[in-house]
Amino acid sequence: MDFAYTPEQLELKARAAAYAGLLMTYEDEAERAGGPLPAETVHKLTRAAMEAGVYGINMPKEWGGAGLTLLEQVIVEEELGKVTNCLWDIPWRPSNVLAKAAPEQRERYLLPILRGERFDAFATTEPEAGSDAGAIRTTATPVEGGWRLNGEKWFVTCGDVADFLLVQANVLPDNESTLFFVDKDTPGVQISRTPQFMHSAVNGHPEFVFEDVFVPHDAVLGEVGQGFELTKDWFTDERLMIAARTVGVAERALSLARDWAVSREQFGTPIASFQMVQAMLADCAVDIAVNRSYTHQVAWEADHGVDRKTLHAKASIAKLSASEAAGRVVDRCLQIFGGRGYDRSYPVERMYREVRVDRIWEGTSEIQRMIIANELVKRGTAFLDLPVS
Ligand SMILES: Cc1cc2nc3c(=O)[nH]c(=O)nc-3n(C[C@H](O)[C@H](O)[C@H](O)COP(=O)(O)OP(=O)(O)OC[C@H]3O[C@@H](n4cnc5c(N)ncnc54)[C@H](O)[C@@H]3O)c2cc1C
């Protein structure tokens, strides 16, 4: 077994950390804006991400991506996760399933993303279909030349900045779950509401209505009936990246809280000398250390060909464990800052609000537990084993 970073991985981590440092200088501005940054700032940060090799990290080099393995992506996302206000969305990471697009679709949708010209968003959730993704009601009715889409999609992350969506819809008459490319400027596509969420993110999560939206035959990603499988592939990667980012945010919170604890004095001594504060610091360190190791392990296994079902369950373990741990870590770190932790000018206050959604999006903690339990019941404990090289 070799747990050491290679010199290349270490260099990648340093590069990602330097870029994350640049993003951090925009946190206060993003918090004040409570929404998107000016277009020229986003453009500048996009160019910087490309130069740093942290843009389009999940796509091959020959298409214009950074061509990183999943383990390398985890290394990058852990650094980016330290940044608040979802500024980590600026170094765009297209939906992994776009790699399965047909060559013409790739030319039209994916390659422009990797040049920073187009942006995608993934739309599966509906008012009546959240955890129960099988309950979606958006339909695609066959018509001459293609389909007509009707339905509603909620909480579409980056739906405000995206110029096209991947929409999960049921193809009639057999309700075959299918992913469609839908350009946002297609007649019948409307943003009905942009909810204000707990975090102040640079990108929004609007709700969309689709009314008789015509899409041509070549707007299907993969094949008719593959929608669920593709969405599952998207979830697996995203869950692993959430695990990586929540390890990152927890580490930044602990670093700030540790520095505060050794410098802040009460009762004539640094608060770090009080055992109750030390216990909080120690528990944070444990939460971070074990979740970093496991997230790295699962990404490594994915790169070494672990089967899809096992990976799906392991990504759920990583997401569940790391996101819940980050919630505990940030809560303790806020406590160590005392009243200052509750002050909006301290990053730990933002982190406290921001990590909450990591237990909800890309499947709630309860849904992750269901996935893990299902795997356990069906196949036993073997999926927990370490792989054999
Ligand atoms: C900020 C934000 C961004 C998002 N971005 C996107 C996006 O880009 N694209 C997209 O498609 N969706 C997105 N979502 C939607 C997100 O994935 C859903 O909110 C999530 O899957 C939960 O669905 P729900 O909100 O309908 O809650 P529900 O499914 O109604 O769940 C409510 C509660 O019931 C629990 N529950 C449900 N079923 C079970 C069960 N079988 N067993 C035990 N407990 C259960 C849940 O865990 C939860 O606690 C986003 C959500 C948010 C908040």
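Colleague: What's the story with the packing of helix H7 (residues 275–303) against helix H8 (residues 308–337) in this structure? I'm lost.
Modeller: Packed helices, taken two at a time, are described by the angle their axes make and the gap between the axes. Remark: H7 packs on H8, axes separated minimally by 9 Å, with the N-to-C direction vectors making an angle of 160°. In terms of orientation, H7 lies roughly antiparallel with respect to H8. Crossing geometry of H7 relative to H8 is assigned as left-handed. When the residues that make up the contact of H7 with H8 are grouped by side-chain class, the tally is 17 nonpolar, five polar and six charged.

Colleague: Can you walk me through the site of the ligand in this structure?
Modeller: By nearness alone, 18 residues border the ligand, and Thr125, Ser131, Phe155, Thr157 and Glu366 come closest of all. One of the backbone nitrogen or oxygen atoms of Thr124 is found 2.9 Å away from an oxygen atom of the ligand. Within the side chain of Thr364, an N or O atom sits 2.7 Å from an oxygen atom of the ligand. Contact with the protein chains removes 66% of the 970 Å² of surface that the ligand exposes when unbound. The set of elements that each furnish at least two residues to the shell around the ligand consists of strand E1 (120–123) and helix H10 (365–379). Per-class residue counts for the shell around the ligand are nine nonpolar, seven polar and two charged. The residues that make up the shell around the ligand include at least three from each of domain 2 (120–224) and domain 3 (228–384).

Colleague: What is the right way to read the domain arrangement of the protein from this model?
Modeller: When the parts come together, some accessible area is lost, and that loss is often what is quoted as the size of the interface. Each domain of the protein was delimited in the assignment, giving domain 1 (7–93), domain 2 (120–224) and domain 3 (228–384). If you average the C-alpha positions of domain 2 and of domain 3, the two centres end up 30 Å apart. Taken together, the contacts link 15 residues of domain 2 with eleven residues of domain 3. For the pairing of domain 2 and domain 3, the buried interface totals around 1,100 Å² over both sides, and the portion due to carbon and sulfur atoms is 71%. When residues of domain 2 are sorted by the area they lose upon contact with domain 3, Phe122, Met198 and His199 head the list and together hold 44% of the total. At the junction of domain 2 with domain 3, the criterion picks out two residue pairs in polar contact (both at pLDDT 80 or more). Residues belonging to the side of domain 2 that touches domain 3 are distributed by class as follows: five nonpolar, ten polar and no charged.

Colleague: Would you take a moment to explain the environment of Ala169 for this structure?
Modeller: Of note, Ala169 is situated in strand E4 (residues 164–171). Note on Ala169: relative accessible area 0%, which makes it buried. On a C-alpha basis, the gap between Ala169 and Val249 in space is 35 Å, while along the polypeptide they are 80 residues apart. Beyond its immediate stretch of four places on either side in the chain, Ala169 contacts Ile136, Thr138, Thr139, Ala140, Leu149, Glu176, Ser177, Thr178 and Phe180.

Colleague: In this structure, what is going on with the packing of aromatic side chains? I would like to understand it.
Modeller: One pair of aromatic rings is described through two measures. These are the centre distance and the angle between the planes. The full count for this structure, using the stated rule, is 14 aromatic pairs. Measuring from centroid to centroid gives 6.4 Å for Trp88 and Trp361, while their planes differ by 80°, and the two rings are edge-to-face. In this pair, Trp88 sits in the loop between helix H4 (70–80) and helix H5 (103–114) while Trp361 sits in the loop between helix H9 (347–354) and H10, placing the two residues 273 residues apart along the sequence. According to the relative accessible area criterion, Trp361 is buried, its value standing at 15%. With centroids separated by 5.5 Å and ring planes inclined at 50°, the aromatic side chains of Trp154 and Phe155 adopt a geometry described as tilted. Judged by relative accessible area, Trp154 falls into the partly exposed class, the value being 25%. Residue class for Phe155 comes out partly exposed when judged on its relative accessible area of 39%. Aromatic rings pair up to connect Tyr109, Phe164 and Phe181 into one cluster. Its guanidinium or amino end placed over the ring of Phe235, Arg239 lies 4.5 Å from that ring's centre, counting from NZ or CZ.

Colleague: Just to check I follow, could you spell out unusual backbone geometry for this structure?
Modeller: Both trends apply: most residues other than glycine have a negative phi, and most peptide bonds are in trans. For the bond from Leu172 to Pro173, the omega torsion is 5°, close enough to zero to count as cis. With respect to the helices, strands and loops of the structure, Pro173 is situated in the loop between E4 and strand E5 (176–183). Even without being glycine, Asn85 reaches a positive phi, approximately 65°. Note that Asn85 resides in the loop between H4 and H5. A residue is classified by how much of its surface remains accessible, and Asn85, at 0% relative accessible area, is buried.

Colleague: In this structure, what is going on with the side chain of Gln105? I would like to understand it.
Modeller: Tracing the sequence through the fold places Gln105 in helix H5. Gln105 has contacts with Leu110, Phe181, Asp218, Ala219, Val220 and Leu221, leaving out every residue within four places of it along the chain.

What counts and what doesn't
- Residues numbered from 1 in each chain as written.
- Predicted model: local features only at pLDDT ≥ 70, side-chain atom pairs only at ≥ 80, totals over all residues.
- Heavy atoms only, no water.
- Axes fitted to C-alpha atoms, helices over the stretch in contact; angles between N-to-C directions.
- Helix = DSSP H or I, 4+ residues; strand = E, 2+ residues; numbered from the N terminus.
- Parallel < 35°, antiparallel > 145°, perpendicular 65-115°, else oblique.
- Left-handed = near helix turned anticlockwise from the far one by under 90°.
- Nonpolar A, V, L, I, M, F, W, Y, C, P; charged D, E, K, R; others polar.
- Near = heavy atom within 4 Å.
- Polar contact = N/O pair within 3.5 Å; in protein donor to acceptor, adjacent residues only side chain to side chain.
- Areas by Shrake-Rupley, 256 points an atom, 1.4 Å probe, with all protein chains shown as cover.
- Domains from an automatic or database assignment.
- Contact = heavy atoms within 4.5 Å.
- Buried area = accessible area lost by both parts, 1.4 Å probe.
- Buried < 20%, exposed > 50% of the residue type's maximum accessible area, 1.4 Å probe, protein only.
- Phe/Tyr/Trp six-rings, centres within 6.5 Å; stacked < 30°, edge-to-face > 60°.
- Lys NZ or Arg CZ within 6 Å of the ring centre and 35° of its normal.

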